[in-house]
Amino acid sequence: MAQPSAACKRALADATALCPNRSRVADGIMGDTSHQNRKSDHNDGNAFDLTHDPDNGVDCHFFAKLVLLDFRVSYVIWNRKIYNAEMPDKGWRPYDGKNGHTHHMHVSVKAALRDIGSPWPWASLES
Ligand SMILES: [Zn+2]
């Protein structure tokens with residue numbers, strides 16, 4: 001059974017440190033049963049979902065751009081768009097998956113970098 005990666009745990013912990021009152025309703029690292037039936041980085045503990053809660057400091061319109069500064073990111077899905085860090089020239093492209101990711105952003109980390117638990121870009125923001 002895979003374990004949540006240090007990188008993903010740190011990402012959510014840093015967001016909570018910055019915004020202690022943020023909603024975590026759509027947060028997650030490990031895949032639920034529906035994820036386990038398909039290919040997902042969540043099944044390996046290599047992806048995190050961050051709840052969009054602008055009233056309490058986590059505005060994913062901003063965080064989805066900020067997260068691209070992090071060297072561990074593989075790809076991001078937010079608000080019906082996807083950004084693949086290996087193809088920065090393509091920028092944000094339309095994402096037409098069934099779940100539009102309008103209430104949380106999905107971030108996959110590179111498997112080789114999953115154990116790096118250093119701070120995420122939002123750790124240096126001031127609350
Ligand atoms: Zn996800």
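Cut-offs and rules
- Residues numbered from 1 in each chain as written.
- Predicted model: local features only at pLDDT ≥ 70, side-chain atom pairs only at ≥ 80, totals over all residues.
- Helix = DSSP H or I, 4+ residues; strand = E, 2+ residues; numbered from the N terminus.
- Rg over C-alpha atoms; globule rule 2.2 N^0.38 Å.
- Buried ≥ 20, exposed ≤ 12 C-beta atoms within 10 Å, placed from the backbone.

### Focus on the overall build of the protein
Part 1 of the argument: Each helix and strand in the protein was counted, giving three helices and five strands.
Part 2 of the argument: In the protein, the order of α-helices and β-strands from amino to carboxyl end is α-α-β-α-β-β-β-β.
Part 3 of the argument: Computed over the C-alpha atoms, the radius of gyration of the protein is 13 Å, within 12% of the 14 Å expected from 2.2 N^0.38 for a compact globule of 127 residues.
Part 4 of the argument: Reported as C-alpha extents along the three principal axes, the dimensions of the protein are approximately 35 × 35 × 25 Å.
Part 5 of the argument: Counting over 127 residues, the protein shows a buried share of 32%.

### Quick word on unusual backbone geometry
Part 1 of the argument: Even without a glycine there, the phi angle at Arg80 is positive, about 65 degrees.
Part 2 of the argument: Tracing the backbone through its elements, the reader meets Arg80 in the loop between β2 (73-78) and β3 (81-84).
Part 3 of the argument: Unlike most non-glycine residues, His101 shows phi in positive territory, near 55 degrees.
Part 4 of the argument: By the secondary structure assignment, His101 is in the loop between β4 (92-94) and β5 (104-109).

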